[in-house]
Protein chains: 2
Amino acid sequence: MEKFEFYNPTKIIFGGGEVTKIGDVLKGTVETVLLVMGSGSARHTGAFQKVKDSLESSGVRFEILEGVKSNPLLSKVREGIKIAREKKLDGVLALGGGSVMDSAKAIAAGAVMDDRDIWDAFLGKAEIKSALPVFTIPTLAASGSEMNGYMVITDEQSGHKLATASILLYPKVSILDPELTYSVSKDYTAYGGVDAVCHLMEPYFNGPAPFTPVQDALAEGLMRTIMEATEGCISDPTSYEHRGAMMWGATLALNGLTKAGVGDHHFPVHLIEHAVSAIYNVPHGAGLAALLPGWMRYFSQKRPERLIKFSTNVMGVEEQADSMATIEMGIEAFSAWLKSIDVPICLGDLNIGEDAIDAIAENALVQSKIWGMEKVYDRDTIREVLSFAL
Amino acid sequence: MEKFEFYNPTKIIFGGGEVTKIGDVLKGTVETVLLVMGSGSARHTGAFQKVKDSLESSGVRFEILEGVKSNPLLSKVREGIKIAREKKLDGVLALGGGSVMDSAKAIAAGAVMDDRDIWDAFLGKAEIKSALPVFTIPTLAASGSEMNGYMVITDEQSGHKLATASILLYPKVSILDPELTYSVSKDYTAYGGVDAVCHLMEPYFNGPAPFTPVQDALAEGLMRTIMEATEGCISDPTSYEHRGAMMWGATLALNGLTKAGVGDHHFPVHLIEHAVSAIYNVPHGAGLAALLPGWMRYFSQKRPERLIKFSTNVMGVEEQADSMATIEMGIEAFSAWLKSIDVPICLGDLNIGEDAIDAIAENALVQSKIWGMEKVYDRDTIREVLSFAL
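Conventions used here
Residues numbered from 1 in each chain as written. Chains lettered and ligands numbered in written order. Predicted model: local features only at pLDDT ≥ 70, side-chain atom pairs only at ≥ 80, totals over all residues. Heavy atoms only, no water. Contact = heavy atoms within 4.5 Å. Buried area = accessible area lost by both parts, 1.4 Å probe. Salt bridge = Lys/Arg side-chain N within 4 Å of Asp/Glu carboxyl O. Polar contact = N/O pair within 3.5 Å; in protein donor to acceptor, adjacent residues only side chain to side chain. Helix = DSSP H or I, 4+ residues; strand = E, 2+ residues; numbered from the N terminus. Pairing = 2+ DSSP bridges. Domains from an automatic or database assignment. Expected span 1.5 Å × (residues − 1). Buried < 20%, exposed > 50% of the residue type's maximum accessible area, 1.4 Å probe, protein only. Arc of directions from axis to C-beta.

> Describe the interface of chain B and chain A, and please don't skip the residues or the numbers.
Contact with chain B, which involves 38 residues of that partner, is made by 38 residues of chain A. When chain B packs against chain A, the two sides together hide about 3,300 Å² of surface, and 67% of this comes from carbon and sulfur. Looking only at chain B, the three residues that lose the most surface to chain A are B:M1, B:F4 and B:W248, adding up to 17% of its buried area. Taken together, the links from chain B to chain A amount to four salt bridges. Of the charged contacts, one joins B:E18 and A:K3 as a salt bridge, the two residues approaching to 3.2 Å between their closest N and O atoms. In this structure, the connection of chain B to chain A is made through 12 residue pairs in polar contact (both at pLDDT 80 or more). Elements with a contribution of two residues or more to the side of chain B that touches chain A: β1 (4–6), β2 (11–14), α8 (213–235) and α9 (240–253) of chain B. Counting residues per element, the side of chain B that touches chain A draws most heavily on α8(B), which supplies nine residues. Examined bridge by bridge, strand β2 (residues 11–14) of chain A and β1(B) share three bridges and lie antiparallel to one another.

Right under this line is the structure:
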């Protein structure tokens, strides 16, 4: 186990119907918030009405920023920053999925960034030194953004989808109300499951520490649980139990718990997927699903022992005398799970062919350099992974 | 999964040699601390010298309170409160095991409790409304006190060992340096392992929520890991890897993670053990070990399904057609683990016989009433559990 610091100050309020507590949560902390939402689903499902009623009854004033899209855009973030500044708002409340929460964070940081543009923080050219307090009410179990400091934003001008993070952007409070996810479509439920599982896989596979039994046990347990919960949510969309397991599982998948102690590591599948979705605007979880089996085959050449552990402990494969057979059975079992929840298992399933490899690799290189990954994930390596995923 | 709030603001700094960071951690936050220690082991091992050097080089002044014993005493806590008040200290730093950390917390709360005595908080007669900031450097992997708000103190006058908690007593920062535990004896290493496993078992068995796959996966994974790490630490006391897994595992075992969502539940084995060690002054972990197999047999009448899950998922027992056979194999396998690390498996192993049952039950009833458990764990039930554990 390597040295680490773990600090996660987000308070979680979990339970069916808990969304109505948001007014009480904000009261006394912030007077006026920017309520950030997506393209209408929170209005259709009634979640917005519940939040509105709760804020009004607690006397918390709010301005609304609507229309955040999946693969959220920098232009929308700038729109939010402008409102927050003009109206002198003192907090940001996200009601939506990862895109909405990430946009809320970028607005919270950008609103108090006087001398620089928020995009400079993504480009590694500016530091986030303060931020308005962020509160979230996720309506999708996927990104884990409700309990971490990460945000991923796409600049439509340059065509780059970049990620950055700050301890200042951990939400103060996140309300996890599984009932808000009952109406999530079968597709997006599945994409959310893949995203959460992938958040666990990246440190599990890429963390260099050779002996991490605590982290492995937590990650393996969460992977199995989220995979089962995804199936449960798809077959019974209004199951409080499955939606609840999915929601809490997805939150814990990227709250720093399973990565603490595995050593410095990269998120290569996310790196490459961000390029895929920046260019093709596919849902993030669909892009991850299309890349994962290929990336596993690529990576099994590098650290077969991790793939064997995954195959036996997560996918339940019986260990074979031939270790490559164990690995292939594990990847096949994982692909079968992807198929069972009806998501892509290769780039071909997204109609992305060999001719796209150069452009995706070129796009991914930008993030690779900013993240300091370009020695491990250089152009040729990214191309190789993409070839495995065709 | 039931409604819950999860909030754990303790910052963890983990790694070999990290103890030397304590001066930097405190600098700028507190000027003078009360350094609380046990009966000399921190001096023998050199841990005290490292802390002293670090505090001095950072210009943090400190007073020392030494001699905290296992099953820590209220009189010692009052001694610390007196020093903290007289010297107007503005923080408490624990260097030691659970007893030292718990004493530090009681001092931190008591020092600023103007109108009441700290024991009133344990008796449920006073509220902890403020506290000096607490910092910990555990030298034993066991109690989890380094990342929670609990404290357990014994009043030698009344002969009661009671527990209470406050969010204000979560340590601000805890430094987990596995190297500090290299010198822990075989016995206390084993007791620590039992304590940590029992912290996972109490919510796992007693949480009433019927469907908790996330919590079960985390608890089962941590139980398996801590059991293996205990064996590893005993066979190789200076193994950084095993000591590290043990230390982080024990911290996560009682930081609120695995209990969140399982519903309101009691800690019956801790309840009864506190009475055993209040009367017989046995190490807490030894008392727990002596009670656990018996308690499991008692509890298998109440919720056999939890014992079956434990037997298969933690102890690796193959499920039998006869569910009671599965359970008995699981309890036997757990008892075999206890024997393998050379701790008691029944009260007889502590030379406690049937004639002691009444006195232990009477003592335990005091805590049972304070914790609101007396309807579930009344005198007769406690006596029944004790009979199973003879």
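> So what's going on with the domain arrangement of chain A? Which residues, and what values?
All names here are of chain A. Along its sequence, chain A is carved into domain 1 (11–180) and domain 2 (185–388). One C-alpha centre belongs to domain 1, the other to domain 2, and the line joining them spans 26 Å. On the side of domain 2, 29 residues touch domain 1, which itself brings 28 residues to the contact. Between domain 1 and domain 2, the buried area comes to about 2,300 Å², and carbon and sulfur atoms account for 63% of it.

> I'd love a proper account of helix α3 (residues 47–58) of chain A, names of residues and values included.
Residue and element names in this part refer to chain A. Here α3 contains 12 residues, and its C-alpha end-to-end distance of 17 Å stays within 8% of the 16 Å for a straight helix at 1.5 Å per residue. Of the positions making up α3, those classed as buried are A47, F48, V51, S54, L55 and S58. One side of α3 holds all its buried residues, which, seen down the axis, span an arc of 135 degrees. Elements that come into contact with the buried residues of α3 comprise α1 (22–26), β3 (32–37), α2 (41–45), β4 (61–65), β5 (92–96) and β6 (134–138). Just downstream of α3 lies G59, where phi reads positive at about 75 degrees.

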